[in-house]
Amino acid sequence: MRNLLSTELFRIFRQRKTYYAIIAVFILEAIIMISAYMQGREILDLFLENLTDTFEFNGNLLNGNLIVYLVLNSFWFHIPLILMVVVSGFLTSEYQDRTVEAVLLQPVSKLKFIGAKYMAALLFTAFMLALLIVTTFLFAYLVFGDGDLVVYLEGLSFFEPHEAFSRLVWAFASGSGTMLFYAVVSLTLAVLLREATATWIVAALFLLVTTLLLRFDFGSEGLNTYFFPKLTDTWQALFYVEVPWDAILTKSLVLLGYSALAALLGIAVFIKRDIT
Amino acid sequence: MRYFLLLIGTLGMAAAMQAQDIDPVLTQVKARLDSIAGFEVTVQMEVDIRYVNMPVKTAELSYQQGNSVRIRSEDFVMIPKRGLDFGLGELYKYPFMTLNLGEVEFQGRPCELVKVIPTTDASDYSIATLWIDSQRRRIAKSQISTKKNGTFDINYAYKAPKDVLPEGITVNFQVADIRIPLRFLGREAQVDKGQLKADPGQKGAIRLLFSEYRISR
Amino acid sequence: MILEAAAISKSYGSLPVLKEVSLGLERGEICGLIGPNGAGKSTLFRIVLGLVRSDSGQVYLDSQARKPLGGIIEKPALYGYLSAVENLRVFARVQGMRLSRPEARDLLEQVGLPIDRHDPVRNYSMGMKQRLGLAIALLNAPGCLVLDEPFTGLDPIGIRDLRELVRQLAVERQIGILISSHNLSELGDLCDRLYVLHKGEIRHSGPTREILRRATLKYQLYGRGFLGSPTLSEAGEPLSDTSALISPGPHSIESLLARVAAEPGVGLSACIPQLDLALLLEKQPV
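Every chain is numbered on its own, with residues counted from 1 as its sequence reads. Here every chain gets a letter starting at A, and every ligand a number starting at 1, in the order they are written. Local features are withheld for residues below a pLDDT of 70 in this predicted model, meaning they are given only at 70 or higher, and side-chain atom pairs are given and counted only at 80 or more; totals for whole chains, interfaces and linings count all residues. Only heavy atoms go into the side-chain values, all of them from the structure, while hydrogens and water stay out.

Enquirer: Even after reading the chapter, I still don't get the overall build of chain B, so can you show me in this structure?
Expert: Under the scheme used here, helices are H or I runs from DSSP no shorter than 4 residues and strands are E runs no shorter than 2 residues, and both carry numbers assigned from the N terminus. For chain B, the helix and strand inventory stands at four helices and twelve strands. Relative accessibility under 20% of the residue-type maximum defines a buried residue, over 50% an exposed one, and the middle range a partly exposed one, all with a 1.4 Å probe and only protein chains included. Within the span of chain B, comprising 217 residues, buried residues form 42% of the whole. Should any heavy atoms of two residues lie within 4.5 Å, those residues are considered in contact. Of the contacts formed within chain B by residues at least 6 apart in sequence, a portion of 53% connects residues at least 24 apart. The accessible surface values rely on the Shrake-Rupley method and a 1.4 Å probe; as for residues, cover is taken only from the protein chains in view. Summing over all exposed atoms, chain B offers an accessible surface of approximately 11,600 Å²; the carbon and sulfur share of this is 54%.

Enquirer: Sorry if this is basic, but what is going on with the overall build of chain A here?
Expert: Along its length, chain A carries ten helices and three strands. Along chain A, from the amino end to the carboxyl end, the secondary structure elements read α-α-β-α-α-α-α-β-β-α-α-α-α. Considering only C-alpha atoms, chain A reaches an extent of 75 × 45 × 30 Å along its principal axes. For chain A, with 276 residues in total, the buried portion stands at 55%. In chain A, once contacts between residues fewer than 6 apart in sequence are set aside, the share between residues at least 24 apart is 79%. Distance between charge centroids for chain A: 21 Å, based on 17 positive and 22 negative side chains. The charge count includes Lys and Arg as positive and Asp and Glu as negative, but it does not include His or the ends of the chains. Where a charge lies is defined by one atom per residue type, namely NZ (Lys), CZ (Arg), CG (Asp) and CD (Glu).

Enquirer: Just to check I follow, could you spell out the sheet that holds strand E2 (residues 52-53) of chain B for this structure?
Expert: In a beta sheet, neighbouring strands pair by backbone hydrogen bonds and run either parallel or antiparallel. Sheet architecture is open: three strands sit in the order E2(A)-E3(A)-E2(B), paired in mixed fashion. Unpaired on one side and paired on the other, strand E2 (149-152) of chain A together with E2 of chain B mark the two borders of the sheet. Inspection of the sheet shows strand E3 (residues 156-159) of chain A paired to E2(B) by two bridges, in the parallel sense. When the bridges of E2(B) are listed, Ser157(A) appears paired with Asn53(B). Orientation is described by axes fitted as lines to C-alpha atoms, over the contacting stretch for helices, and by angles from 0 to 180 degrees between their N-to-C directions. Its contacts with the sheet place helix H7 (residues 161-193) of chain A against E2 and E3 of chain A, and it is angled at close to 105 degrees to E3(A). Two strands qualify as a pair provided that DSSP identifies no fewer than 2 bridges between them.

Enquirer: Please clarify how the pairing of E2(A) should be interpreted in this entry.
Expert: Consecutive side chains of a regular strand alternate in pointing toward one face of the sheet and then the other. Residues and elements named next belong to chain A. Here E2 shows a buried face lined by Leu149 and Val151 and a second buried face lined by Val150 and Tyr152. Bridging between E2 and E3 involves four bridges; their strand directions are antiparallel. From the neighbouring strand, Val150 faces E3, where its bridge partner is Phe158. Linking E2 to E3, which pair antiparallel, is a turn of three residues; within it Glu154 sits at a positive phi near 55 degrees.

Enquirer: Teacher, can you tell me more about the packing of helix H2 (residues 16-48) of chain A against helix H6 (residues 110-144) of chain A here?
Expert: Packed helices, taken two at a time, are described by the angle between their axes plus the distance between the axes. Residue and element names in this part refer to chain A. Where H2 contacts H6, the two axes come as close as 11 Å, and the packing angle between them is 35 degrees. Viewed along their axes, H2 and H6 form a crossing whose handedness is right-handed. For the pair formed by H2 and H6, the contact residues are Thr18, Ala21, Ile22, Val25, Phe26, Glu29, Met33 and Tyr37 on the first element and Phe124, Phe127, Met128, Leu131, Leu132, Thr135, Thr136, Phe139, Ala140 and Phe144 on the second. Ten residues, namely Ala, Val, Leu, Ile, Met, Phe, Trp, Tyr, Cys and Pro, are considered nonpolar, four, namely Asp, Glu, Lys and Arg, are considered charged, and the remaining ones, Gly among them, are considered polar. A class-by-class count of the residues in the contact of H2 with H6 yields 14 nonpolar, three polar and one charged. Two helices crossing with the near one rotated counterclockwise from the far one by less than a right angle form a left-handed crossing, whereas a clockwise rotation gives a right-handed crossing.

Enquirer: Quick question: what am I supposed to make of the nonpolar core here?
Expert: Nonpolar side chains tend toward joint burial in soluble globular proteins. We define a nonpolar core as any set of buried Ala, Val, Leu, Ile, Met, Phe, Trp, Tyr and Cys residues linked to one another through side-chain atoms lying within 4.5 Å. The biggest cluster of nonpolar side chains holds 225 residues, and the ones touching the most others in it are Leu51(A), Phe158(A), Phe239(A), Ile49(B), Leu88(C) and Ile177(C). In this structure, Phe239(A) is in contact with Tyr69(A), Leu72(A), Leu149(A), Val151(A), Leu153(A), Ser157(A), Phe159(A), Arg167(A), Leu168(A) and Ala171(A), ignoring residues within four places of it in sequence.

Enquirer: Whenever I open this one, the interface of chain B and chain A confuses me. Can you help?
Expert: One frequently used descriptor of interface size is the decrease in accessible area upon assembly of the parts. The interface of chain B with chain A comprises 35 residues on the first partner and 34 residues on the second. What gets called buried area is simply the loss in accessible area from a 1.4 Å probe that two parts show on being joined, summed for both. When the two sides are added together, the surface that chain B and chain A hide from each other amounts to roughly 3,300 Å², 56% of it contributed by carbon and sulfur. We count a salt bridge whenever a side-chain nitrogen from Lys or Arg sits within 4 Å of a carboxyl oxygen from Asp or Glu. In this structure, the connection of chain B to chain A is made through two salt bridges. Between Lys57(B) and Asp148(A) there is a salt bridge, with its nearest N and O atoms 2.2 Å apart. Polar contact is defined as a pair of N or O atoms within 3.5 Å, subject to the rule that within protein one atom must be able to donate a hydrogen and the other to accept it, and that residues adjacent in sequence are counted only when both atoms are side-chain atoms. At the junction of chain B with chain A, the criterion picks out eleven residue pairs in polar contact (both at pLDDT 80 or more). Looking at the side of chain B that touches chain A residue by residue, the class counts come to 22 nonpolar, four polar and nine charged.

Enquirer: Would you take a moment to explain the sheet that holds strand E1 (residues 3-12) of chain C for this structure?
Expert: All names here are of chain C. Spatial ordering of the open sheet is given by E2-E1-E4, a layout of three strands whose pairing is antiparallel. The open sheet has two edge strands with one neighbour each: strand E2 (15-25) and strand E4 (56-61). The average angle at which neighbouring strand axes cross in this sheet is 20 degrees, direction not considered. Pairing analysis gives seven bridges linking E1 to E2, with the strands arranged antiparallel. Bridge pairing links Ala5 to Leu23 in E2.

Enquirer: Before we go on, may I ask you to explain helix H8 (residues 196-214) of chain A in this structure?
Expert: Residues spaced three or four apart along an α-helix point in a common direction, a consequence of the helix completing one turn every 3.6 residues. All names here are of chain A. Take the residue count of a helix, subtract one, and multiply by 1.5 Å to get its expected span. Here H8 spans 27 Å end to end across 19 residues, near enough to the 27 Å set by a 1.5 Å rise per residue. For H8, the full list of buried residues reads Ala196, Thr199, Ala203, Leu207, Thr210 and Leu214. Buried positions in H8, seen along its axis, are confined to an arc of 70 degrees and lie on one side of it. Facing away from the buried side of H8, by more than 90 degrees, are the exposed residues Ile201 and Leu212. In this structure, the buried residues of H8 make contact with helix H4 (78-97) and H7. One side-chain oxygen at the N-terminal end of H8 lies 3.2 Å from the backbone nitrogen of Ala198; it belongs to Glu195. The arc in question is traced by the directions running from the helix axis to the C-beta atoms.

Enquirer: Looking at this structure, I do not really get the packing of aromatic side chains. What am I missing?
Expert: Each aromatic ring pair is characterised by the separation of its centres together with the angle its planes make. Pairing of aromatic side chains requires ring centres within 6.5 Å, counting the rings of Phe and Tyr and the six-membered ring of Trp. Pairs whose planes differ by under 30 degrees are stacked, by over 60 edge-to-face, and all others tilted. With the rule as written, the count across this model stands at 34 aromatic pairs over all chains. These aromatic residues form a ring-pair network of at least three members: Phe181(A), Tyr182(A), Phe206(A), Phe216(A), Phe218(A), Phe227(A), Phe228(A) and Tyr258(A). Criterion for a charge above a ring: Arg CZ or Lys NZ at most 6 Å from the ring centre, at most 35 degrees from the ring normal. The ring of Tyr92(B) is capped by Lys30(B), whose NZ or CZ atom sits 4.9 Å from the centre of that ring. One cation-aromatic arrangement involves Lys141(B) over Trp131(B); the distance from NZ or CZ to the ring centre is 5.0 Å.

Enquirer: Can you help me understand unusual backbone geometry in this one?
Expert: Trans peptide bonds make up the majority, and among non-glycine residues the majority have a negative phi. Phi at Arg194(A) is positive, roughly 65 degrees, even though this residue is not glycine. Looking at Arg194(A), the relative accessible area reads 29%, which means it is partly exposed. Although it is not a glycine, Arg137(B) adopts a positive phi angle of roughly 50 degrees. We classify Arg137(B) as partly exposed; its relative accessible area is 34%.

Enquirer: Where do I start with the pattern of salt bridges in this structure?
Expert: Here the structure, examined in full by the defined rule, presents 30 salt bridges over all chains. Close ionic contact of Asp48(B) with Arg207(B) constitutes a salt bridge, the shortest N to O distance being 3.4 Å. Placement of Asp48(B) in strand E1 (residues 38-48) and of Arg207(B) in strand E12 (residues 201-216) is noted, with a sequence separation of 159 residues between them. For Asp48(B), a relative accessible area of 38% gives the class partly exposed. In this structure Arg207(B) comes out as partly exposed when scored by relative accessible area, which is 32%. Notably, a salt bridge pairs Lys10(C) with Asp55(C), separated by 3.9 Å at the nearest N-O pair. One end of the pair, Lys10(C), is in strand E1; the other, Asp55(C), is in the loop between helix H1 (41-48) and E4, with 45 residues separating them in the sequence. According to the relative accessible area criterion, Lys10(C) is buried, its value standing at 7%. Each of the salt bridges in this network shares a partner with another, and the network as a whole consists of Glu8(A), Arg11(A), Glu94(A) and Lys117(A).

Right, here's the structure in full:
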């Protein structure tokens, strides 16, 4: 398994498309930062509009923390979309080039082969997220400086810089769980569909429907809490005044369960199916 | 001719009132405050508005007679537009007259209730009511109705009977509720919509706690 | 036998693809599987190689090696963005082999590939890819090789070189090689034995010369003085004085040629059997 995993990682970083994905993430990050900077003032004016009669404000709210928070919001759609396209490509390209067959002609078990794929998908996702998170913090603080973070969630909440930083880091950690879920799902879709374009379309559809269902009221407490679309925005809870750690932990574990389930489904189908 | 005399007389009386009718209690307080050339103080600010969650902030406040106060803070702070008029400079900025409504009791202390009415349109408040502790010659409470920014209700707390500078100020005000377009909302989008419409305004307060006055006289 | 497939059956839905197919392969032997497109050759090879499960039947391998069997299905599948050495090392690593660069270059030399190319193998010709595919199949020294249609897409020189390489592997390394093609002439002078597969059934099997003989009704002769040959005018219609298409009929081709050669004024320079795969596909007991 370690050998398979190391060759997976070696090949991932020898492919041009990996670098296209990294560049895409950077471009996305830059666009989000620029639009965050341009929109940030407008958002702040809206947030503070009704307080301007009563108060004068001292200090800069359009700072690195707000920019990082706005980049974090890109977790809603953009980052998972890029991740799903790239991660599903790890397998669909092998089906297309028939290298799945070539590897399985060697003394390699199907379980280990597909297991290594899932591991590589998780590691690659973690790498991309680390890259995104580190560069976001770095650029945001370097360019926009430090300061209080204001967010609108159950009212306007202000967090002091060290508090904002720790909440943002935890939110990124929690959001990363969601990204890993999407990565695993996309690989399972690749196992099921095998063909790149079909997998991309279904993955994008999955993401779209999940995002829509997040806001949908199922009329049942259980579904509204534990159906997987409802677990994809757990990271938002890090910005409640009182962080509901227990709920975050429970939801994260349930989402982890969904990820494991998706992976098991993919592994089972891959093992059961003939390589034709 | 008779009317003309009447007019002159009325105008003269009005001018005389302007000159004389600043309540002596207020004048005494102003004189006490004017003895302070300036000061610096550490202030803790606690915002109490239903939809604002803000930790208690600390800032350095400096006041120089004749200037408005300056606030320095590492953090983002919200400074009330009224309530920091330590030298009563804002009340005294434009001509006004006062009307003493007599003695009332406020928080167990006898106070003179003094209305301050601006006599020009330039002033940015329409009326101010002061509860002045006549024995201790300091303001216990004020209520300022501004022309643009609503009414501010300000309570003063003092450490020692002789103090003229407050240890704490609570500013109460009316504030409109927040309206955020849907696209900026997170998961709370569906929760507050009805409430927002039904609740056009609400009371808010900010509590300021002063410590370590460094006074220059 | 190093490899034996016994009564393999496989259906895709209600469509039977293989019906109780059996075959065997000895160490150092080259065995051909001949059949038209759609006969079930690739499915049989996929089953032998463990990529596809059979519905019934067994594959026996007489080997305790970590990799008893190497193979290429249709075209060799390679990582096009990697160099030849990198491909070898990746395929070695997945099976737990640590292949040093010099070892990888040795392998390339053994299959006749240049060792000084570092460009991605997507730039390689089909012949070179086949050779690299063979080098990968040979990793971990399997006792037998299964090569599915290895000549597809190769030019005549490529075919000749690959045949030479296959022969060399069988002779020098005593590897049993099972090789398939839809073209009888590609396998004729390479294989020791042939199996003929059609519609999922083995129609014939046996030594290559016997199978070829069954597949040959006519021979093309080249020489001179054919117009004056009584034997040739009996056995076929002389097309011209220098070439003739003959059917030996009840006689053997050897005796017929001897008679022609003995005739005065007739000279023989070539005799090419006209292989007809269709003849082998007729249903008759194996």
